[in-house]
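This is what each chain is made of:
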Amino acid sequence: MTHSARYRIDGMHCAACVGRVESAIGKLPGVSAVAVNLATNEARVELDTDAQPDVAAAVESVGYRASELTSASDAQVPAPQFQVRELLRPAAPALAVVLLAYFVESVPFAPVWMLLLATVVLFTSGREFFVNAVRSMRHVALDMDVLVALGAGCAFLAGVWSFLQLLSSGLSHVGHSSASGQCGSDFTAAVLIVVFVRLGRTLEMQARRKASDAIGRLLNLQSPTAHVLRSSQDLLAQESEIELPVDQVAVGDVVLVRAGERVPVDGVVIAGVTEIDESSFTGEPLPVRKEPGDRVLGGSMNQSGSFRFRAERVGDEMTLRRIAALVRDAQGSKAPIARLADRVAGIFVPIVLAIAGVTLIWWLTHADLHTAISRAVAVLVVACPCALGLATPTAVMVAMGKGAELGVLFKDGAALERTASLQIALFDKTGTLTEGRPVIVEVLVSEFSSREELLRTAAEIASASTHPLSRAMVEFARNESIAPGPVPNNVQSFPGLGLQAEISGETVRLGNERFFSQFDWVISSDSSAIGRSTVLVTRGTRFIGSLAAEDRLRPTAADATLALRQMRIETGLVTGDALAVAKRVAHKVGISLIEAQRLPSEKADVVRSLQATGRRVAMIGDGVNDAPALAVADVGFAIGAGADIAIEAADVTLVGNDPRAVPHAIELARCTLRIIRQNLFFAFAYNVVSIPLATGLLSAFGAIILPPGFAAAAMSASSVLVVTNSLRLRRFKPVSSS
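Asks: Before we go on, may I ask you to explain unusual backbone geometry in this structure?
Replies: Only a minority of non-glycine residues have a phi that is not negative, and only a minority of peptide bonds are not trans. With a phi angle near 50°, asparagine 490 is a residue other than glycine that sits in the positive phi range. Along the chain, the position of asparagine 490 falls in strand β17 (residues 489-494). Positive phi, normally seen in glycine, also occurs at glutamine 597, with a value near 55°.

Asks: Explanation requested: the packing of aromatic side chains in the structure shown.
Replies: In this structure the tally under the stated criterion is eight aromatic pairs. With a centroid separation of 6.1 Å and an interplanar angle of 20°, the aromatic rings of phenylalanine 123 and phenylalanine 130 are classed as stacked. Its relative accessible area of 47% is what places phenylalanine 123 among the partly exposed residues. Accessibility expressed as a relative area gives 23% for phenylalanine 130, which makes it partly exposed. An aromatic cluster of three or more residues is present, and its members are Phe123, Phe130, Phe156 and Phe187. Sitting over the ring of tryptophan 363, arginine 375 keeps its end group 5.2 Å from the ring centre. Above the plane of the ring of phenylalanine 519 lies arginine 509, whose end atom (NZ or CZ) is 3.9 Å from the centre.

Asks: Explanation requested: the sheet that holds strand β26 (residues 652-654) in the structure shown.
Replies: Strand pairing in a sheet relies on backbone hydrogen bonds, with the paired strands running either antiparallel or parallel. One open sheet accounts for seven strands, arranged β14-β26-β25-β24-β15-β22-β23; its pairing is mixed. Edge positions in the open sheet fall to β14 (408-410) and β23 (593-595), since each of these has one partner strand only. This sheet shows a mean twist of 20° between the axes of neighbouring strands, independent of strand direction. Note that strand β15 (residues 424-427) and strand β24 (residues 617-621) share four bridges and pair parallel. Looking at β24, one finds that isoleucine 424 is bridged to valine 617. In this fold helix α25 (residues 661-695) packs onto β14, β15, β24, β25 (635-639) and β26, with an angle of close to 50° to the strand it touches most, β14.

Asks: I keep staring at the sheet that holds strand β9 (residues 274-277) and nothing clicks. Help me out?
Replies: Strand order in this open sheet of three strands is β10-β9-β12, and the pairing throughout is antiparallel. Edge positions in the open sheet fall to β10 (288-290) and β12 (301-304), since each of these has one partner strand only. Strand-to-strand twist of the sheet, defined as the mean angle between neighbouring strand axes without regard to direction, takes the value 40°. Looking at chain direction, β9 and β12 are connected through three bridges and run antiparallel. Paired with isoleucine 276 across the strands is asparagine 302, a residue of β12.

Asks: Please explain empty space enclosed by the protein as it appears in this structure.
Replies: Here the idea is plain: a probe the size of a water molecule rolls over the atoms and shows the empty space left. Within the structure shown, the criterion is met by six cavities of 30 Å³ or more. In this structure, the largest cavity spans a volume of roughly 140 Å³. If you go around the largest cavity, you meet 15 residues; those closest to its centre are Lys334, Ala338, Asp342, Gly389 and Pro393. Looking at the lining of the largest cavity, the elements with two or more residues in it are α1 (15-26), β2 (31-37), α11 (339-366) and α13 (385-390). Its residues placed into classes, the lining of the largest cavity shows nine nonpolar, four polar and two charged.

Here is what the cut-offs are and how they apply
- Residues numbered from 1 in each chain as written.
- Predicted model: local features only at pLDDT ≥ 70, side-chain atom pairs only at ≥ 80, totals over all residues.
- Heavy atoms only, no water.
- Helix = DSSP H or I, 4+ residues; strand = E, 2+ residues; numbered from the N terminus.
- Phe/Tyr/Trp six-rings, centres within 6.5 Å; stacked < 30°, edge-to-face > 60°.
- Buried < 20%, exposed > 50% of the residue type's maximum accessible area, 1.4 Å probe, protein only.
- Lys NZ or Arg CZ within 6 Å of the ring centre and 35° of its normal.
- Pairing = 2+ DSSP bridges.
- Axes fitted to C-alpha atoms, helices over the stretch in contact; angles between N-to-C directions.
- Contact = heavy atoms within 4.5 Å.
- 1 Å grid on protein atoms, 1.4 Å probe; cavity = no way out; pocket = protein on both sides within 12 Å on 5 of 7 lines; lining within 4 Å.
- Points joined across faces, edges and corners; volume = space filled by probe spheres on them.
- Nonpolar A, V, L, I, M, F, W, Y, C, P; charged D, E, K, R; others polar.

Quick look at the structure:
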């Protein structure tokens, strides 16, 4: 058995940092798996049950800082300290250096002022780069800070060298020699590197904050307080209203919710009728009518009337917080498509340092020292491992948040990627394409029994099951005023077939024709032939009758299957019902592939047989009888989870009951993969193009040469562009919804 822990990792700036942190944590005893996400600055660690490794110490040993996270709200990217004065602090002296370099011959002692101003910029605003670089090199770790520190430092030292040359020729020549121009360009490069990199990181953090704010939006739905009704100690016949913080609400408390208030926790309505907006969970804009016995979700909005409900799930067990936890875990996961970028990032910085060294040597043999240093510095600062590291996780982060808004919860990045490549979607019938609330429409009593005995027997044994058909029989008997008999003993459930129990010393069986064929009963029903779900009932050696039920099709079921077909995804129906029932439903929604009378294990076999043809298969079901098929499918969709979203077998949980969420999820996954590929292409293309330009070796062929200052601006812009491209997913709207 394993358990997971999450840690905030501070000090990471590129994909190389991610690799070092993963390697350090992965070497600890008791760690079975680790995934570090640059976009969230978070590490998810899978630990053996009794393991207690010192993760913080391991992370610190490679030059970073770690702190354990305990709640979903901790998963949000910290808000950057984005203040104008912090950017103006280095920008003002940097601008002065640029102007002095331009008017170096007109301003007395301009190189002296440039030296002073550049020193201020580098050792105040640029101090973090040098401190981080020293720490990284002390741990034999080469990262983005090393490249920036080397670039800015070399440019500054080159400027100092030019300034010393001026001093050796006398102050009277300052501003009137070629060394003055070199001095100005070097100091300008040094300060621009610091300014542009700081600006880029600030904008990048702002964008990453926007990408991760889905969890914050979810948690903000929760009411901070609840109106709890408690019995008064003075007058036991009355109840007093107490306003409590939501975390102090206990299971069993009776809570009052007025019109315009949010439901504080999950529970069941016990008094009052109202309409509640659950769009934050299901994406359905229309309010839902709630009556006594109906479930309500904490965070939903009560629109009309007041009602009382009994709290059932509080604290971290609430649906809202569990959704936030699922989104948090999914945002921190990795998609397999990121593997190439991770491999390249591991060797990226050493390769850039080698290219910079070769560039320096080349230009030393073909030009002066100043030119050689300028070209090498440009190579150091133009390279951007940040864009590689952010290309995948930022897109995954935004997609997970957007999915939560649509009522689609992906388990992890791998599930998201598999969803994008689905070729066939198999639907369960009851509760998936149909409403899952069958109604008894026909009662056939045999000559060996009576209507009352049939309904009482069916209700008694059905009360031991939660299957929709069982609930329909219990409710029908209640409406017929049939009093319940003795509680059944030795109840046995046969998934997909029926029930068996002992009542008053007799063996009672309830199920379909296939169930009874196992006991050598040969019973047929006309109801099955016309597309109704039929339940046969026997008591001892007597066949006492049958009940036929119909389950209404969901209004959007046909739209969902049509949208999938338009996306070139084949659709199929896999059900335990009779073939006639399956054909009737399939005809209405436009499904041609039908697998009827399938047990739960046989549903999994159907999935395997389709996978054997080389196609990627999705299974969409209610997560109960369909669990084996959900687990075997390339992507398992658990639909209609509502108040119980933690279905282990599913890769994707659909919070609402609308089957259109399936094509919505596939559309979102495909759009996300498209964004990731764009990000990776740009990240690789940027480095492949910019690094050769920075070396200046292509200038002989007419190519431009990137000065160090412009190289720093290009590097900062590249990572910001990748994150901004990922943010386009926030505006995603499913085409299939129309």
